[in-house]
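Listed below, chain by chain, are the residues.
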Amino acid sequence: MTAADVTQVPGRVLERGRELFPGIVSAVTVALAAKFISEHYGAPVMLMALLLGMAFSFLAEPNTTTAQGVEFASKKVLRFGVALLGLGITVQQIAAAGLPVVGITLGGVALTIGSGVLLARIFGRTLPFGLLTGGAVAICGASAALAISSVLPKDDPNHERDTVFTVIAVTALSTLAMIVYPMIGAALGLSDHAMGVFFGATIHDVAQVVGAGYSVSDEAGATATFVKLLRVALLVPVVVTLSLCFARHPGATPGGTLPIPFFVLGFAALVLIGSTDFIPEAVTTLLLELSRWCLITAIAALGMKTSLRKLAEVGPRAIAMVCGLTAILAGFALAAILLLHI
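Thresholds, definitions, all that
- Residues numbered from 1 in each chain as written.
- Predicted model: local features only at pLDDT ≥ 70, side-chain atom pairs only at ≥ 80, totals over all residues.
- Heavy atoms only, no water.
- Helix = DSSP H or I, 4+ residues; strand = E, 2+ residues; numbered from the N terminus.
- Contact = heavy atoms within 4.5 Å.
- Phe/Tyr/Trp six-rings, centres within 6.5 Å; stacked < 30°, edge-to-face > 60°.
- Buried < 20%, exposed > 50% of the residue type's maximum accessible area, 1.4 Å probe, protein only.
- Lys NZ or Arg CZ within 6 Å of the ring centre and 35° of its normal.
- Polar contact = N/O pair within 3.5 Å; in protein donor to acceptor, adjacent residues only side chain to side chain.
- pLDDT = per-residue confidence, 0-100.
- 1 Å grid on protein atoms, 1.4 Å probe; cavity = no way out; pocket = protein on both sides within 12 Å on 5 of 7 lines; lining within 4 Å.
- Points joined across faces, edges and corners; volume = space filled by probe spheres on them.
- Nonpolar A, V, L, I, M, F, W, Y, C, P; charged D, E, K, R; others polar.
- Disulfide = S-S within 2.5 Å.
- Axes fitted to C-alpha atoms, helices over the stretch in contact; angles between N-to-C directions.
- Parallel < 35°, antiparallel > 145°, perpendicular 65-115°, else oblique.
- Core = buried A, V, L, I, M, F, W, Y, C linked by side-chain atoms within 4.5 Å.

Time to look at the environment of His193. Looking at where His193 falls in the secondary structure, it is placed in helix α9 (residues 192–202). A C-alpha to C-alpha distance of 5.3 Å links His193 and Ala220, two positions 27 residues apart in sequence. Dropping the residues within four chain positions of it, His193 is found in contact with Glu219, Thr223 and Ile342.

So, about the environment of Val151. Mapping Val151 onto the fold places it in the loop between α7 (141–149) and α8 (159–187). As for Val151 and Ala83, which are separated by 68 residues in sequence, their C-alpha atoms are 14 Å apart.

With that out of the way, let us pick up the packing of aromatic side chains. Applying the stated criterion to the full structure yields four aromatic pairs. For the pair Tyr181 and Phe198, a centre-to-centre distance of 5.0 Å together with 25 degrees between the ring planes defines the contact as stacked. You can see Tyr181 sitting in helix α8 and its partner Phe198 sitting in helix α9, a full 17 residues away along the chain. Exposure remark for Tyr181: the relative accessible area of 8% places this residue in the buried category. According to the relative accessible area criterion, Phe198 is buried, its value standing at 0%. Their ring planes at 45 degrees and their centres at 5.8 Å tell us that Phe198 and Phe199 sit as a pair that is tilted. There is no split in this pair, since Phe198 and Phe199 are both buried. An aromatic cluster of at least three residues, connected via ring pairs, comprises Tyr181, Phe198 and Phe199. The ring of Phe129 carries Arg125 above its face, with NZ or CZ at 4.4 Å from the centroid.

Turning our eyes to something else, we now look at the side chain of Thr223. Residue position: Thr223 is located in helix α11 (residues 218–233). Within the structure, the side chain of Thr223 is placed 2.8 Å from the backbone oxygen of Glu219, a separation counted as a polar contact. Setting aside residues up to four positions removed in sequence, Thr223 forms contacts with His193, Gly196 and Val197.

Despite not being glycine, His341 has its phi angle at roughly 55 degrees, a positive value. By relative accessible area, His341 is classed as exposed at 71%.

A separate point is the side chain of Ser149. Mapped onto the fold, Ser149 is located in helix α7. Leaving out residues up to four positions away in the same chain, Ser149 has contacts with Leu132, Lys154, His159 and Thr163.

Moving on: the confidence of the model for the protein chain. Overall, the predicted model of the protein chain reaches an average pLDDT of 83, with 90% of residues at or above 70. Note on residues 252–259: pLDDT under 50 across the span, and seven contacts to partners over four residues away in sequence or across chains.

Glancing now at empty space enclosed by the protein. By rolling a water-sized probe across the atoms, one finds the places where empty space is left. Evaluated as defined, the whole model comprises one cavity of 30 Å³ or more. In this structure, the largest cavity spans a volume of roughly 60 Å³. In terms of lining, the largest cavity is formed by Thr126, Pro128, Phe129, Leu132, Leu152, Asp156, His159 and Asp162. Elements that contribute at least two residues to the lining of the largest cavity include exactly α6 (127–138) and α8. Ranked by residues supplied to the lining of the largest cavity, first place goes to α6 with three residues. For the lining of the largest cavity, the class distribution of residues is four nonpolar, two polar and two charged.

It is worth spelling out the state of the cysteines at this point. Tallied over the entire structure, the rule returns zero disulfides. Note on Cys294: no disulfide assigned, nearest cysteine sulfur contributed by Cys140 at a separation of 15 Å. Among the residues examined, Cys294 registers a relative accessible area of 8% and is labelled buried.

What follows is about the packing of α11 against helix α12 (residues 235–245). Where α11 meets α12, the axes come as close as 4 Å, and the angle between the chain directions of the two elements is 20 degrees. Considering their axes alone, α11 and α12 lie roughly parallel with respect to each other. Contacts from Arg231, Val232 and Ala233 in α11 reach Leu235, Val236 and Pro237 in α12. Residue classes in the contact of α11 with α12 are distributed as five nonpolar, no polar and one charged.

This part takes up the nonpolar core. Side chains that are nonpolar tend, in soluble globular proteins, to be buried together. Val82, Ile139 and Ile299 are the most contacted members of the largest nonpolar core, which totals 76 residues. Filtering out sequence-adjacent residues up to four positions away, Ile139 remains in contact with Val109, Ala144, His204, Lys228, Arg231, Val232, Leu234, Leu235 and Val238. Counting residues in hydrophobic clusters, the runner-up holds 22 residues, among them Ile104, Phe199, Ala201 and Ile337.

Here it is as structure tokens:
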């Protein structure tokens with residue numbers, strides 16, 4: 001890079017910022033509205049961000065001044081938010097979990113993703129759709145759906161539609177599970193600790209896991225939150241594996257780039273950094289809140305890029321797939337908890 005190029009960098013950055021600003025502000029505004037509705041009416045914030053974003057789909061039209069910013073928010077802001085999630089997990093927490101809990105978590109994730117691939121074949125869906133739905137149900141709902149979607153081949157014209165469908169489906173089922181699973185645990189006579197493991201190993205989104213756990217007791221809530229974060233940690237190996245598997249796919253990013261996304265490396269690095277006392281607790285809390293806002297903003301932008309007409313084309317088989325995967329994961333976790341006397 002020459003001296004002339006260096007002097008032009010600030011101007012290019014400023015110009016790029018002007019191009020992105022309208023769209024990013026639009027996505028943030030929708031995210032703020034979704035947060036307001038969630039706090040005042042109890043609706044899932046991710047679902048509200050998606051639905052409100054769809055209402056403003058005209059802002060993502062190619063000829064608008066907001067299109068580039070919406071695209072940036074749906075991809076770059078998303079990846080930054082996923083990377084920051086790594087601060088919520090520590091190596092010490094993983095080590096202290098105990099083999100039975102770790103085994104249930106690993107087994108549930110592997111079984112659900114494998115079942116997603118199998119059900120995709122049975123229901124005539126594509127392999128990426130099976131991996132997307134299986135990974136979202138297995139790991140952490142909407143966040144996993146967005147992270148996995150970012151490394152799957154982009155040559156499928158229904159890629160974004162399927163991603164939005166998956167986010168909506170897992171969010172809706174997660175809210176239902178938050179209500180139903182405590183009833184199931186009580187009917188089976190599970191202890192508070194066992195119920196926490198059950199909720200953390202099966203409910204899709206973090207917020208609903210916390211809600212279900214603390215509706216039972218503080219012990220169930222703390223256990224559920226930890227087991228859920230253990231599932232979130234598995235996002236790294238899953239996304240890395242998928243990146244490597246699809247690196248040479250025609251719809252993947254053109255050659256010459258690192259097959260492992262930088263946001264996944266950032267996630268892993270922040271897990272290690274968060275396991276030390278290097279970052280003050282107040283800063284960690286602030287960054288995790290920033291992560292959540294990034295994810296809400298990204299989902300709002302993704303909603304803007306989606307039309308309801310295309311979403312309706314997904315069909316009942318896709319809904320049956322997500323419901324089936326949710327049932328498989330819940331059944332496996334319950335059987336393991338009862339068998340191992342957790």
